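Observations on chain architecture
Read off the chains here:
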Amino acid sequence: MNNKLKIGLPKGSLQEATLKLFRKAGYHITVSPRSYYPIFDDPEIESMLIRAQEMARYVADGHLDCGLTGYDWVLEQNADVHEVAELIYGKGGFSPVKWVIAVPMDSKIKTVKDLEGKRIATELVGFTKRYLKSKGIKAEVDFSWGATEVKPPHLADAIVELTETGASLRANNLRIVDTIIESTTRFIANKKAWQNKWKRQKMENIAMLLKGALAAEEKVGLKMNVPEKSFKKVLSLLSALHSPTVSPLSDKGWYAVEVIIDEKKVRDLLPKLKNAGASGFVEYPLNKVIP
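My aim in this report is to walk through the structure given alongside it, one point at a time. (Residues numbered from 1 in each chain as written. Predicted model: local features only at pLDDT ≥ 70, side-chain atom pairs only at ≥ 80, totals over all residues. Heavy atoms only, no water.)

1. Considerations on the sheet that holds strand S9 (residues 140–143)
As a reminder, the rule being used: Here, strands pair whenever DSSP counts at least two bridges between them. Note on conventions: DSSP H or I runs of at least 4 residues are helices, E runs of at least 2 residues are strands, and numbering of each starts at the N terminus. Axis definition: a line fitted to C-alpha atoms, over the contacting stretch in the case of helices. Angles run 0 to 180 degrees between N-to-C directions. We call two residues in contact whenever any of their non-hydrogen atoms come within 4.5 Å of each other.
Read across the sheet, five strands follow the order S9-S8-S10-S7-S11 without closing on themselves; strand pairing throughout is mixed. In this open sheet, the two strands that pair with only one neighbour each are S9 and strand S11 (174–183). Pairs of neighbouring strands in the sheet enclose a mean axial angle of 25 degrees, with direction left out of account. Where strand S7 (residues 97–104) meets S11, eight bridges bridge the pair, whose relative direction is antiparallel. For valine 103, the partnering residue across the bridge sits in S11 and is arginine 175. Lying on the sheet, helix H4 (residues 125–134) is in contact with S7, strand S8 (119–122), S9, strand S10 (158–163) and S11; it crosses S9 at an angle near 170 degrees.

2. Concerning the sheet that holds strand S1 (residues 5–11)
Taken together, the five strands give an open sheet; going across it, the order is S4-S1-S5-S12-S6, and neighbouring strands pair in mixed fashion. Lying at the two open borders of the sheet, with one neighbouring strand each, are strand S4 (45–51) and strand S6 (82–87). Strand-to-strand twist in this sheet, taken as the mean axis angle between neighbours without regard to direction, amounts to 25 degrees. Lying over the sheet, helix H1 (residues 15–24) contacts S1, S4 and strand S5 (66–70), oriented at roughly 135 degrees with respect to S1. Against the sheet, helix H2 (residues 52–61) engages S1, S4, S5 and strand S12 (185–189), with an angle of about 130 degrees to S4.

3. Examining the nonpolar core
Going by this rule: Residues belong to one nonpolar core when they are buried, are Ala, Val, Leu, Ile, Met, Phe, Trp, Tyr or Cys, and are joined through side-chain atoms within 4.5 Å. Each residue gets one of three labels from its accessible area relative to the maximum for its type: buried under 20%, exposed over 50%, partly exposed in between, using a 1.4 Å probe on protein chains only.
Of all hydrophobic cores here, the largest spans 30 residues; its most connected members are Phe22, Leu68 and Phe187. Secondary structure elements with two or more residues in this core: S1, H1, S4, S5, S6, S12, helix H6 (191–195) and helix H7 (197–216). Ranked by residue count, the leading element in this core is H7, at six residues. Not counting residues within four places of it along the chain, the set of residues in contact with phenylalanine 187 comprises Ile7, Cys66, Gly67, Leu68, His82, Glu83, Val84, Ala85, Leu87, Met203, Ile206 and Ala207. Among the nonpolar cores identified, the runner-up in size contains 21 residues, and Ile101, Ile120, Val141 and Val160 belong to it.

4. Some points on the packing of aromatic side chains
Aromatic ring pairs are defined here through the distance separating the ring centres and the angle between the ring planes. Cut-off, in case you're wondering: Stacked, edge-to-face and tilted are the three classes for Phe, Tyr and Trp ring pairs, Trp counted by its six-membered ring, which pair at centre distances within 6.5 Å; planes under 30 degrees apart are stacked, over 60 edge-to-face, the rest tilted.
Scanning the entire structure with this criterion turns up six aromatic pairs. The interplanar angle of 70 degrees and the centroid separation of 5.8 Å between the aromatic rings of tyrosine 27 and phenylalanine 40 together place this pair among those described as edge-to-face. One end of the pair, tyrosine 27, is in the loop between H1 and strand S2 (29–30); the other, phenylalanine 40, is in strand S3 (residues 39–40), and 13 residues separate them in sequence. Residue tyrosine 27 is classed as buried on the basis of its relative accessible area of 10%.

5. A word on the environment of aspartate 80
Operational definition: A 3.5 Å cut-off defines polar contacts: any pair of N or O atoms within that distance qualifies, except that in protein one atom must be a possible hydrogen donor and the other a possible acceptor, and neighbouring residues in sequence count only when both atoms are side-chain atoms.
Note on placement: aspartate 80 falls in the loop between helix H3 (71–77) and S6. Residue aspartate 80 is classed as exposed on the basis of its relative accessible area, which comes to 51%. With 75 residues separating them along the chain, aspartate 80 and leucine 5 place their C-alpha atoms 19 Å apart. Looking at aspartate 80, its side chain comes within polar contact range of the side chain of lysine 191, at 2.6 Å.

6. Quick word on helix H9 (residues 263–276)
Each α-helix turn comprises 3.6 residues. Residues three or four places apart therefore point the same way. Put simply, the rule reads: For a helix, the expected span equals 1.5 Å multiplied by the number of residues minus one. Bend angle per residue: angle between axes fitted to the 7 residues ending at that residue and the 7 residues starting there.
Here H9 contains 14 residues, and its C-alpha end-to-end distance of 20 Å stays within 8% of the 20 Å for a straight helix at 1.5 Å per residue. Of all the bends found along H9, the most pronounced is centred on leucine 269 and spans about 45 degrees, while proline 271, a proline, follows it within four residues. Buried within H9 are the following residues: Val266, Leu269, Leu273 and Ala276. Elements in contact with the buried residues of H9: strand S13 (219–227), helix H8 (231–237), strand S15 (254–262) and strand S16 (279–285). Trailing H9 by a residue or two, glycine 277 shows a phi angle of about 120 degrees, which is positive.

7. So, the side chain of asparagine 190
When you line up the elements, asparagine 190 lands in the loop between S12 and H6. At 2.9 Å, the side chain of asparagine 190 and the backbone oxygen of valine 59 are in polar contact. Side-chain polar atoms of asparagine 190 contact the backbone nitrogen of alanine 193, separated by 2.9 Å. Residues contacting asparagine 190, with those up to four places away along its chain left out, are Val59, Ala60, Asp61, Gly62, Leu64 and Asp65.

8. Observations regarding the packing of H1 against H7
We apply this condition: Throughout, the term roughly parallel applies to angles under 35 degrees, roughly antiparallel to angles over 145, roughly perpendicular to angles from 65 to 115, and oblique to all others. In this count, Pro and Cys sit with the nonpolar residues alongside Ala, Val, Leu, Ile, Met, Phe, Trp and Tyr, while Asp, Glu, Lys and Arg are called charged and the others, Gly among them, polar.
Across the interface, H1 lies against H7 with an axial gap of 8 Å and an inter-helix angle of 100 degrees. Considering their axes alone, H1 and H7 lie roughly perpendicular with respect to each other. Only Ile206, Leu210, Ala213, Leu214 and Ala216 of H7 make contact with H1, whose side of the interface consists of Leu21, Phe22 and Lys24. Of the residues assigned to the contact of H1 with H7, the class counts are seven nonpolar, no polar and one charged.

9. Focus on unusual backbone geometry
Residue proline 153 is reached from proline 152 by a cis peptide bond, and omega for that bond is 0 degrees. Structurally, the position occupied by proline 153 is in the loop between S9 and S10. Positive phi, normally seen in glycine, also occurs at asparagine 78, with a value near 55 degrees. Within the secondary structure, asparagine 78 is located in the loop between H3 and S6. For alanine 147, which is not glycine, the phi dihedral falls at a positive 50 degrees. With respect to the secondary-structure elements, alanine 147 resides in the loop between S9 and S10. Of the residues examined, alanine 147 reaches a relative accessible area of 52% and is grouped as exposed.

Listed below in structure tokens is the structure:
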């Protein structure tokens, strides 16, 4: 019997970031321009491109064994799925995104309570309705097919919209009233598929590699040579996942030191290490960091 894992990859804004992450995790993926069926170099994986908004439903129904989508869309679909892993990445970087209530700058709406009896436009209809109900607020929530930011004040009193930086909202003269949810990408599984021993192991392996690839995104490896007289001073400047790797060199009284470090720290750290006596620096990128 040939084992196959059916995985859904998000079509749209998350697509390129997801494919890049899988490639960094070690998977070679071929995507034809007009095909919705990417080909993995792993014969045990079958994949399909599905919009993130629909992914959770197809995973919950068993059409897919697993998939990647935003936590917001899992909640919107009210999908009964197993969460395998949280993967903090998106089209714009490595931070969570937010769904916010926004209104025109001159709107009299100042708090969530002021939405009573108002009209709200959003793509996140189901979750927004449940959110307002939990606050005891009755409002009309309309589905928005796009360009949601232009709808207030003539087509809606307020919107619930996805934002990473808030720049688009400000550009459309909108201000944020409240954040109703923060969302990150999730690797989710069909509950029945999760009970299958082989599929579960396969999904756990994929999750480990993806998390390792994400952990490596903002880190680099740094090698250097350190004389014995400078050893303690250099090590006091270094921080690592655990401890630096130290090996004696063939030249007596010298050591090779290797460390994994946040890339943004290297610029300021290198001059200090140089002044402390280290030399022969080699900085290199990482594909995966797995504890």
